[in-house]
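# Survey of secondary and tertiary structure
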Amino acid sequence: MWRTLSAWRVETHLDACLSKRNSKRRDESRGSGTSTRATSKMNLHDTIAAVSTPAGRGGIGIVRLSGVRVREIAATILRLPPDFVWRPWHAALGDLLDAEGRTIDHVVVTYYAAPKSYTAEDVVEISCHGSPIILRHALERACTHGARLAEPGEFTLRAYLNGRVDLPRAEAIRDLIESTTLYQARIAAQQAEGSVSRRIQPLKDQLVDLIALLEAGIDFAEDDVSVAPTEEILRRIDPILKAVGALAASYAYGKLVHEGFTLAIVGRPNVGKSSLFNRLLEQDRAIVTEIPGTTRDLVSETASLEGIPVKFVDTAGIRKGEDVVEKLGIERSYQAMADADVTLVVVDSSTPLRPDDTSLLAKAAEQGKYLVAGNKCDLARPHMEEDVAGVLPVSALTGVGIAELRHALVAAIAPVGRLEQEGGFITSLRHERLLVESQQALEKARSAAELNIPHEMLLLDLYAALKPIDAITGATTADDILNRIFSTFCIGK
């Protein structure tokens, strides 16, 4: 009984905090005269419609409707077979009509019954030929007969509000749509299936159990419910604190996967920077000649290294410029080094190091992470490795050493001991900040326990640690946070 009452008290406390916070934000919003696309102002009982396929022409285009009136609206704008019956998760042929009842397109209509649909509402998808004119006509007809245009992300917002997905899964759906590499897509797909939620939920359960234990000791002390000793409290806090800290720290690699990094390729003229740039990209992106100073400006291209998006920047050869244009290009080369996450200094393995090489290596070491590639290793002179520590022998001409260079570039920027288990890290800055907030509150709670501070005060820190965890899953997320998340979705999703 005490466990049930204490758990109820936990939820009541959180609800009160959230209500107070939302009330304060509404007052601030009214005072400043600003307005937001709050979910409370969005009529979630409307039937909504949107084109769910990308803009432009294609083989097919899909108009998606969700809400209680989808069948009524679809039956009005389509001509369906005489014996047609709405059967969930079945497709049927039909005709898209204009206002006069004339056929505009032959379509396929698919019905998904609530709650086994994307939004957990009744959903109808009309697959037309992928002409923007036809899709716009279908959308206009649907809106004429009672639907309204969906807001960006409103389909996924409804899925979240109807309990179809939690907040981390909803955010992962957005990341899946925006992914630029297969590795990004695979990680986002695993998060959409609940990999982040599965790591966070046990932490929340353990924390709620500890809160309930302390609440019971306070509320039912006269009923011979023992007060938890300090050792027991620390025994319960330590694994939660460790797990929350590890998950927050995993963002260092998750950010790399989600956002990628910038690589500046620098060196003196004619060491093969542009050739190496093209070899890493596996395409002839930069002009390559035997004339020193061919590259006068920055050339950039984005590609994937081990599934991580990388912006490669080829730079002008660094030397004493001979004209105004070349000098400007060299200045931009130095700026590219300063802006890059990693610098790749290219030297010529077939010739001794020159003063320009040495000064460039020293500057790269001053500015941060860098690697040294000894190009033209197929023509390399002996003892090159003794001149430059850690040089990676490569040949842009033959491709020797390129695979090793790719791996070394990722290893240089990825944190030591990165989590190799896919889905074992977080990729959202919002999640990282909330986990750090929870970690800090747990550290305060641990210190309070060690100092034998009364449990009533200790509970304040534990509640403070629980709130950010709930905010990750959306259990106590205010409207303005939801708006910020779902407004980044495309319309139709």
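Computed from a prediction, not measured in an experiment: that's the story for all the values here.

Now for helix 12 (residues 355-367). With 13 residues, helix 12 extends 19 Å from end C-alpha to end C-alpha; this agrees with the ideal 18 Å at 1.5 Å per step. By the burial criterion, the buried members of helix 12 are D357, L360, L361 and A364. All buried residues of helix 12 project into a common sector of 105 degrees when viewed along the axis, lining one side. Exposed residues on helix 12 whose side chains face more than 90 degrees from its buried face are P355 and E366. In the stretch just after helix 12, G368 is the one whose phi turns positive, near 140 degrees.

To continue, consider the sheet that holds strand 3 (residues 78-79). Ordered in space as 3-4-5-6-2-1-7, the seven strands form an open sheet in which the pairing is mixed. Among the strands making up the open sheet, the edge pair consists of strand 3 and strand 7 (148-149). Looking at chain direction, strand 3 and strand 4 (residues 90-97) are connected through two bridges and run antiparallel. If you follow R79 over to strand 4, its bridge partner there is D95. Sitting on the sheet, helix 4 (residues 154-161) is in contact with strand 1 (48-51), strand 2 (58-66) and strand 7, with an inclination near 135 degrees to strand 1.

Right, let's talk about the pairing of strand 1 for a bit. Across four bridges, the pairing between strand 1 and strand 2 is antiparallel. Bridging from a neighbouring strand, A49 pairs with L65 of strand 2. Where strand 1 folds back on strand 2, the antiparallel hairpin that results is connected by six residues, among which G56 adopts a positive phi of roughly 110 degrees.

Attention now moves to the packing of helix 10 (residues 273-281) against helix 14 (residues 402-413). Viewed as axis vectors pointing N to C, helix 10 and helix 14 meet at an angle of 85 degrees, and their least axial separation amounts to 11 Å. In terms of their interaxial angle, helix 10 and helix 14 are classed as roughly perpendicular. The segment helix 10 lies against helix 14, with L276, R279 and L280 engaging I402, L405 and R406. Tallied by class, the residues present in the contact of helix 10 with helix 14 amount to four nonpolar, no polar and two charged.

Tallying each qualifying case throughout the model produces 19 salt bridges. Residue R158 pairs with E154 through a salt bridge whose shortest N-O separation is 3.3 Å. With R158 and E154 both in helix 4 and four residues apart, the pair spans about one turn of that helix. D238 is paired through a salt bridge with R446; the nearest N and O atoms lie 2.5 Å apart. Here the residue D238 occupies a position in helix 8 (residues 230-249), and R446 occupies one in helix 15 (residues 429-450), the gap between them amounting to 208 residues. Take R446: its relative accessible area is 23%, and that puts it in the partly exposed class. Among the charged side chains, a network of salt bridges with common partners joins D46, E121, R148, E154 and R158.

Looking now at a nonpolar patch on the surface. Among the surface-exposed residues, L451, I453, M457 and L460 lie close enough to one another that they form a single nonpolar patch of about 390 Å² accessible area. Structurally, the position occupied by M457 is in helix 16 (residues 455-473). By relative accessible area, which is 46% here, M457 ends up partly exposed.

Enumeration over the complete set of coordinates arrives at three aromatic pairs. Aromatic pair F84 and W86: ring centres 4.8 Å apart, planes at 85 degrees, arrangement edge-to-face. A relative accessible area of 23% means that F84 is categorised as partly exposed. On the accessibility criterion, W86 (19% relative accessible area) is buried. Ring geometry for Y253 and F425: centres 5.1 Å apart, planes at 75 degrees, overall edge-to-face. A residue pair is termed long-range when its members are at least 10 positions apart, and Y253 in helix 9 (residues 251-259) and F425 in the loop between helix 14 and helix 15 qualify at 172 residues. Classification of F425 by relative accessible area gives buried; the value is 1%. Taken together, the aromatic side chains of F84, W86 and Y111 make up a single cluster linked through ring pairs. Positioned over the ring face of F155 is R64, at 5.4 Å from the centre of the ring.

With that settled, the discussion passes to the nonpolar core. Core analysis: the biggest nonpolar cluster contains 36 residues, and L207, L214, L442, L458 and L462 have the highest contact counts within it. Counting residues per element, the ones that place at least two in this core are helix 7 (195-219), helix 8, helix 15 and helix 16. Excluding its chain neighbours within four sequence positions, the residues that come into contact with L442 are L207, I237, I240, L241, V244, L462 and A465. Ranked by size, the runner-up nonpolar core spans 34 residues in total, among them V342, A396, L405 and A414.

Right, let's get into the environment of L44. Mapped onto the elements of the fold, L44 is located in the loop between helix 1 (2-32) and strand 1. Under the relative-accessibility criterion, L44 is labelled partly exposed at 25%. It is 8.6 Å that separates the C-alpha atoms of L44 and G67, two residues lying 23 residues apart in sequence.

Thresholds applied
Residues numbered from 1 in each chain as written. Predicted model: local features only at pLDDT ≥ 70, side-chain atom pairs only at ≥ 80, totals over all residues. Heavy atoms only, no water. Helix = DSSP H or I, 4+ residues; strand = E, 2+ residues; numbered from the N terminus. Expected span 1.5 Å × (residues − 1). Buried < 20%, exposed > 50% of the residue type's maximum accessible area, 1.4 Å probe, protein only. Arc of directions from axis to C-beta. Pairing = 2+ DSSP bridges. Contact = heavy atoms within 4.5 Å. Axes fitted to C-alpha atoms, helices over the stretch in contact; angles between N-to-C directions. Parallel < 35°, antiparallel > 145°, perpendicular 65-115°, else oblique. Nonpolar A, V, L, I, M, F, W, Y, C, P; charged D, E, K, R; others polar. Salt bridge = Lys/Arg side-chain N within 4 Å of Asp/Glu carboxyl O. Patch = residues over 30% accessible without salt bridge, like charges linked within 9 Å, V, L, I, M, F, W, Y side chains within 5 Å. Areas by Shrake-Rupley, 256 points an atom, 1.4 Å probe, with all protein chains shown as cover. Phe/Tyr/Trp six-rings, centres within 6.5 Å; stacked < 30°, edge-to-face > 60°. Lys NZ or Arg CZ within 6 Å of the ring centre and 35° of its normal. Core = buried A, V, L, I, M, F, W, Y, C linked by side-chain atoms within 4.5 Å.

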